Amino acid sequence: MLQKIAIYLAVLVYCVEGLGGGCILQGSGLGNEYSVEATALRYQEEIHLGSGPVQGIHLSLTGLKQTVVTWLNPTPYKSGNFQPTCNFGESALVLNYTTGGEAYTYPDGMFQMTLNKVRLNFSAFVGNTVYYKCGDIRFGYSPIYNFTMQKKYTEKRLLYKLRNESPPYFGVIDSSDAFVAVIGDHGVTRGEDTANNIADHVKNDNLQLIVHAGDISYADKFGGETHNNSYIWVSYMNLLQPATAYVPYMTTPGNHERQYNFSAYLNWLGNSMPYSESESGSPFWYSFDYMGIHFVAFSTEHDFMPNSTQYHWMEKDLLKANSNRVNSPWIVVFGHRPLYCTSLICMERCEKEAPVFRSYLEDLLYQQHVDVVFAGHNHQYERSYPVYKLKPVQLDYKNPKAPVYIVNGAAGNPELNDPSFRLKVDWRAFDDVTFDTGYILMQPTQTELRFQYMNSNKKKIVDQFVISKASSLDV
């Protein structure tokens with residue numbers, strides 16, 4: 001309790017300075033995310049500009065044995081005759097497939113360089129591991145990377161005996177089996193620890209997918225009067241490349257992507273998401289199946305009221321997914337703004353916005369037996385019990401009768417994190433009272449969905465829990 005009091009006193013200081021969770025005090029309300037102090041951070045950005053003709057390379061899933069590869073060529077687009085290609089195969093020694101793509105640019109944020117995109121189809125492959133290199137015959141190629149399309153889920157059932165590995169990354173997560181990283185609200189400033197840890201999981205463990213619930217790079221916080229902030233996107237994607245060149249990176253937009261009508265987000269990421277494949281018609285919302293999970297990405301930055309286009313798509317998609325539990329036992333939804341939260345600094349988001357969002361979606365998520373809903377926006381970590389209409393339906397995670405809501409927006413960004421939480425909330429199971437950054441690891445089996453929240457700065461487990469079901473059809 002004394003620790004919480006001390007943290008809350010520190011929070012008051014951050015509120016006055018205009019930092020913490022993107023919210024500041026203004027008279028009796030909360031709101032402006034662009035204080036003088038936060039703006040001053042624009043000129044303290046550490047830049048991660050890469051070298052070589054292929055930079056910021058990242059993968060996106062588009063379908064069964066189909067992947068889009070996107071990268072930057074640091075050459076002005078106007079200089080011309082680009083021929084982006086990828087060579088790939090089932091061995092690093094034999095890249096016997098070649099596929100061409102498209103080169104393009106966009107003017108917003110004074111971006112002048114060249115983006116490239118190639119769609120790989122390896123349906124003819126016997127195995128699931130793909131070796132590839134991408135580039136341009138005129139400007140040069142990347143090193144050889146590899147990635148592996150994953151099976152539905154691990155067959156190993158968790159024995160409730162925690163491992164004691166060094167460093168102590170893994171408790172309920174089995175590092176030898178495929179797992180997922182989930183992040184939110186992540187930029188270059190203060191995001192290095194999270195990025196480096198995730199890259200370590202890719203290199204040394206079996207991390208096979210990254211999911212990002214909005215606020216990507218925070219480019220709109222930088223650039224000054226010239227608005228020349230395109231270098232932030234270049235820096236950010238180079239920061240992620242040690243992970244995203246090897247595993248798919250799936251995203252949804254947040255409020256910090258709204259700049260220039262989402263132009264940078266769409267060109268770097270959104271247009272590579274599988275929206276056509278999931279019949280959404282919009283790059284801002286889509287779904288995909290991977291590792292036994294049906295992921296639903298929706299946009300809180302666009303209309304999702306009942307009767308909206310996005311809502312109708314989501315309703316149809318969830319109904320279909322709920323009838324396909326044999327193949328994908330779990331349904332995970334992710335969007336940027338939370339339906340459940342208890343921040344004190346960002347009280348307006350939790351007391352005014354969240355109830356409106358719940359009025360739009362909570363019944364649908366409950367009726368279609370969604371297992372987990374991830375959000376960010378608040379720069380903190382908290383998780384609920386299975387909850388419906390502000391009431392916990394149970395105080396454990398065995399055969400849950402309602403969705404679990406997780407705020408996971410503490411990955412690290414120029415606005416700092418928010419350690420403030422309302423006290424004595426019946427539906428809340430855990431909150432992390434700290435300024436430290438962090439991220440979630442998630443691992444599916446046929447009957448379990450395992451979670452760990454990791455402290456990026458201290459490289460330790462902060463929270464862990466397991467959702468279990470008697471069978472894949474027990475929904």
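These notes cover the structure that comes with them. All of these numbers come straight from a predicted model, not from anything done at the bench.

1. Digging into the sheet that holds strand β8 (residues 114-121)
The strands making up a sheet associate through backbone hydrogen bonding, with each pair oriented either parallel or antiparallel. Overall, antiparallel pairing links the 4 strands, which are arranged β3-β4-β8-β7 in an open sheet. Edge positions in the open sheet fall to β3 (55-63) and β7 (102-104), since each of these has one partner strand only. Neighbouring strand axes in the sheet, compared pairwise and without regard to direction, differ in orientation by 20° on average. Pairing of β3 with strand β4 (residues 66-73), which is carried by 6 bridges, proceeds in the antiparallel orientation. Paired with Leu61 across the bridge in β4 is Thr67. Against the sheet, helix α4 (residues 230-244) engages β3 and β4, with an angle of about 65° to β3.

2. Structural notes on the environment of Ala181
Relative to the elements of secondary structure, Ala181 occurs in strand β12 (residues 179-183). For the pair Ala181 and Tyr249, spaced 68 residues apart in sequence, the C-alpha separation works out to 9.7 Å. The residues touching Ala181, leaving out its near neighbours within four places in the chain, are Ile198, Leu207, Leu209, Ile210, Val211, Ile440 and Leu441.

3. Comments concerning empty space enclosed by the protein
Leftover empty space is mapped by rolling, across the atoms, a probe with the size of a water molecule. Evaluation of the coordinates by the stated rule reveals 4 cavities of 30 Å³ or more. Looking at the largest cavity, its volume works out to about 100 Å³. Broken down by element, the lining of the largest cavity gets its largest block of residues, 4 residues, from helix α5 (residues 259-268). Counted by class, the lining of the largest cavity contains 6 nonpolar, 6 polar and 3 charged residues.

4. Re the pattern of salt bridges
Overall, the coordinates contain 14 salt bridges when judged by the stated rule. Close ionic contact of Lys458 with Asp436 constitutes a salt bridge, the shortest N to O distance being 3.3 Å. You can see Lys458 sitting in the loop between β27 (448-455) and β28 (460-468) and its partner Asp436 sitting in the loop between β25 (428-431) and β26 (438-444), a full 22 residues away along the chain. Using a relative accessible area of 52% as the deciding quantity, one classes Lys458 as exposed. Linking Arg450 and Glu448 is a salt bridge whose minimum nitrogen-to-oxygen distance equals 3.3 Å. For Arg450, a relative accessible area of 2% translates into the label buried. Looking at Glu448, the relative accessible area reads 0%, which means it is buried. Within this structure, Arg258, Glu301, Arg337 and Glu353 form a network of salt bridges that share partners.

5. Describing the packing of helix α6 (residues 309-322) against helix α7 (residues 347-367)
The interhelical angle for the contact between α6 and α7, taken along N-to-C directions, is 15°, at an axis separation of 10 Å. Comparing their axes, α7 and α6 come out roughly parallel. The crossing of α6 and α7 is right-handed. Contacts between α6 and α7 pair Tyr311, Met314, Glu315, Leu318 and Asn322 from the former with Tyr360, Leu361, Leu364, Leu365 and Gln367 from the latter. Grouping the amino acids of the contact of α6 with α7 by side-chain chemistry returns 7 nonpolar, 2 polar and 1 charged.

6. Some points on the packing of α4 against α5
Look at α4 against α5: their axes get within 12 Å of each other, and the N-to-C directions meet at 30°. The element α4 and its partner α5 pack so that their crossing is right-handed. Judged by residue contacts, Trp233, Val234 and Met237 of α4 engage Ala264, Tyr265 and Trp268 from α5. Residue composition of the contact of α4 with α5, grouped by class: 6 nonpolar, no polar and no charged.

7. A look at α7
Taking 1.5 Å of rise per residue, the 21 residues of α7 would be expected to cover 30 Å, and the 28 Å separating its terminal C-alpha atoms lies within 8% of that figure. The largest bend in α7 comes to about 50°, at Leu361. Every buried residue of α7 is listed here: Arg349, Cys350, Ala354, Phe357, Arg358, Tyr360, Leu361, Glu362, Leu364 and Leu365. On its buried face, α7 sits against α6, β19 (330-334), β20 (372-375), β22 (387-388) and β24 (404-408). Of the residues one or two after α7, His369 is the one with positive phi, at around 55°.

Calculation notes
Residues numbered from 1 in each chain as written. Predicted model: local features only at pLDDT ≥ 70, side-chain atom pairs only at ≥ 80, totals over all residues. Heavy atoms only, no water. Pairing = 2+ DSSP bridges. Helix = DSSP H or I, 4+ residues; strand = E, 2+ residues; numbered from the N terminus. Axes fitted to C-alpha atoms, helices over the stretch in contact; angles between N-to-C directions. Contact = heavy atoms within 4.5 Å. 1 Å grid on protein atoms, 1.4 Å probe; cavity = no way out; pocket = protein on both sides within 12 Å on 5 of 7 lines; lining within 4 Å. Points joined across faces, edges and corners; volume = space filled by probe spheres on them. Nonpolar A, V, L, I, M, F, W, Y, C, P; charged D, E, K, R; others polar. Salt bridge = Lys/Arg side-chain N within 4 Å of Asp/Glu carboxyl O. Buried < 20%, exposed > 50% of the residue type's maximum accessible area, 1.4 Å probe, protein only. Parallel < 35°, antiparallel > 145°, perpendicular 65-115°, else oblique. Left-handed = near helix turned anticlockwise from the far one by under 90°. Expected span 1.5 Å × (residues − 1). Bend = angle between axes of the 7 residues up to and from the residue.

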